[in-house]
Amino acid sequence: MRDIPLPDGRDAVSAYQRPPLTATLGLIGAILAVYLCEAVFRIDGSGTLFDPGISTLVALGALDKSLVVEGGQWWRLFSAPLLHGGVPHLALNSLALLFAGAALERVVGPIWFAAIFVVGALGGGLASLAINAADLISVGASGAIMGLFAAALVIAYRFPMQSRQRRLMLSGSLGVLIPSLIPLFDGLFGQRIDFAAHIGGAIAGGIVGGTLLGLWHPDTEAPPHRKTAIAIAVLGLCGAIFAASQVVATYSSQTLAVHVIPDARLPKGMDEIRARSAELLAEFPRDPRSHIYRAVTLQGDNDNAGAEREWRAALAEREMLRAFFKPELEHLIRVNLALLLKESGRRAEAAAMAQPVCAFKGERQILLENAGLCRR
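Residues numbered from 1 in each chain as written. Predicted model: local features only at pLDDT ≥ 70, side-chain atom pairs only at ≥ 80, totals over all residues. Heavy atoms only, no water.

A. Geometry of helix α10 (residues 226–257). Counted at 1.5 Å a residue, the expected span for α10 with its 32 residues is 46 Å, and the 44 Å between its end C-alpha atoms agrees. The sharpest bend along α10 measures roughly 50 degrees and falls at Y251. In this structure, the buried side of α10 is in contact with α3 (54–59), α5 (76–79), α6 (87–131) and α14 (318–324). (Helix = DSSP H or I, 4+ residues; strand = E, 2+ residues; numbered from the N terminus. Expected span 1.5 Å × (residues − 1). Bend = angle between axes of the 7 residues up to and from the residue. Contact = heavy atoms within 4.5 Å.)

The structure is reproduced here in structure tokens:
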């Protein structure tokens, strides 16, 4: 597109009625809708309306290396770019996406714009997984946005050297890419910046932009290979829909995860169990292990009634036991409660409590058989 002067002094670019930024506004609407879901489905005790918190973000599909690599939850590559860590994060990315749309969508059209967004998002996510530490949780559309600006930077060279369009695309893209790829503002608003995602998204977007530039005939207004762009955009949409279905399927277990004692907080040895059992029970009342620690402590103090109460409370957390622990933990609870009931003279009740464990061969079954609590 060239700047052609008109009789009244205007140019063709300014006189041309610009088409609406369909894809840009649609993507902004999507990330705003997802942030509303972050607020509505925020996990209790995790963050605030303006800062959803790590637990909420992970539950709704944040990029967590252990869950993707070890857990096979690749769908998080599609959900994480739509999530944001707070209102400032959301506002900055929405504004940057609007600028990217103004620079690129009217040049390549909404389909290719959406396709480049998808490629940038995936490139940013893969780079984040490859480069960042395993404990870093990543969310946000910035990788995809860097891909859009990098593509705009390359596609700008399609226009004549002195054209206004080229100048605007180059200055706008460089104005965003340079500060975004250099760690100058890390920690702004109290949040870390995933520069790996920025770099990965920019590389992916630059590759797409360079490919289009090489294939795009100078006399053709629309970029080539529209069907390829449609396929990529549809892939992104299907990936996001599948990710949403997985979030729905795993959300309940993720909401329970905040009640689990972190590994670093687990007591080491009996002395620490006795010293910290009350503290852990107060802080993590849904974790069956909190009740186990307290039961062992009370039993050591000859408070059998209190110990029985805690063993039963541990067994009552069936949802937690099923979601986070192997069956052996329930067997441990049943064995100890059964032996305590037998010691209290309630043999029939003890046998009923032991029966599920008696069906499994092993040391605990032998222990219960020796106590006369397994029916043969």
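Now that the structure has been shown, the text picks up again.
B. Broad picture of the pattern of salt bridges. In total, this model carries 13 salt bridges according to the counting rule given. In this structure, the salt-bridge partner of R276 is E272, at a minimum N-O distance of 2.7 Å. Of the two residues, R276 and E272 are both situated in helix α11 (residues 270–283); the distance of four residues between them amounts to about one turn of the helix. Put simply, R346 and E308 hold a salt bridge, and the shortest N to O gap is 2.8 Å. Placement of the pair is R346 in the loop between α15 (327–343) and α16 (347–358) and E308 in helix α13 (residues 304–316), with a sequence separation of 38 residues. Residues joined in a network through salt bridges with shared partners are E308, R312, R346 and E349. (Salt bridge = Lys/Arg side-chain N within 4 Å of Asp/Glu carboxyl O.)

C. Spotlight on the packing of α6 against helix α7 (residues 142–155). Put simply, α6 and α7 touch, their axes get as near as 8 Å, and they point 80 degrees apart. Judged by the inter-axis angle, α6 sits roughly perpendicular to α7. In terms of residue class, the contact of α6 with α7 is built from 18 nonpolar, five polar and no charged. (Axes fitted to C-alpha atoms, helices over the stretch in contact; angles between N-to-C directions. Parallel < 35°, antiparallel > 145°, perpendicular 65-115°, else oblique. Nonpolar A, V, L, I, M, F, W, Y, C, P; charged D, E, K, R; others polar.)

D. Seen up close, the state of the cysteines. The full count for this structure, using the stated rule, is one disulfide. Sulfur-sulfur distance for the disulfide between C358 and C374 comes to 1.9 Å. With the S-S dihedral at roughly -85 degrees, the linkage between C358 and C374 falls on the left-handed side. Of this pair, C358 sits in helix α16 while C374 sits in the segment after α17 (363–370), placing them 16 residues apart in sequence. When sorted by exposure, C358 lands in the same class as C374, which is buried. The thiol of C37 is not disulfide-bonded; the next cysteine sulfur, from C238, is found 19 Å away. (Disulfide = S-S within 2.5 Å. Buried < 20%, exposed > 50% of the residue type's maximum accessible area, 1.4 Å probe, protein only.)

E. Expanded view of α6. Taking 1.5 Å as the rise per residue, α6 with 45 residues should run 66 Å; its terminal C-alpha atoms sit only 26 Å apart, a clear shortfall. Its axis deflected by about 120 degrees at G109, α6 carries its strongest bend there, up to four residues before the proline P110.

F. Spatial organisation of the packing of helix α2 (residues 22–40) against α6. For the pair α2 and α6, interaxial distance at closest approach is 6 Å and the crossing angle is 145 degrees. Considering how the two elements wind past one another, α2 and α6 form a crossing that is right-handed. Contact residues: α2 offers T22, A23, T24, L25, L27, I28, I31, L32 and Y35, while α6 offers V87, L90, S94, L97, L98, G101, E105, P110, F113 and F117. Taken together, the residues that form the contact of α2 with α6 break down as 14 nonpolar, four polar and one charged. (Left-handed = near helix turned anticlockwise from the far one by under 90°.)

G. Here's a closer look at the side chain of S173. Counting through the fold element by element, S173 comes out in helix α8 (residues 164–181). Side-chain polar atoms of S173 contact the backbone oxygen of F149, separated by 3.3 Å. Those residues in contact with S173 that sit more than four places away from it in its chain are F149, A152 and L153. (Polar contact = N/O pair within 3.5 Å; in protein donor to acceptor, adjacent residues only side chain to side chain.)

H. Looking closely at the confidence of the model for the protein. Summing up the model confidence of the protein, the mean pLDDT is 88 and the portion of residues at 70 or higher is 91%. The weakest mean pLDDT in the protein belongs to helix α1 (residues 12–15) at 43; the strongest belongs to α5 at 97. Low pLDDT, under 50, characterises residues 1–16; the predicted model gives this stretch 21 contacts beyond four residues in sequence or across chains. (pLDDT = per-residue confidence, 0-100.)

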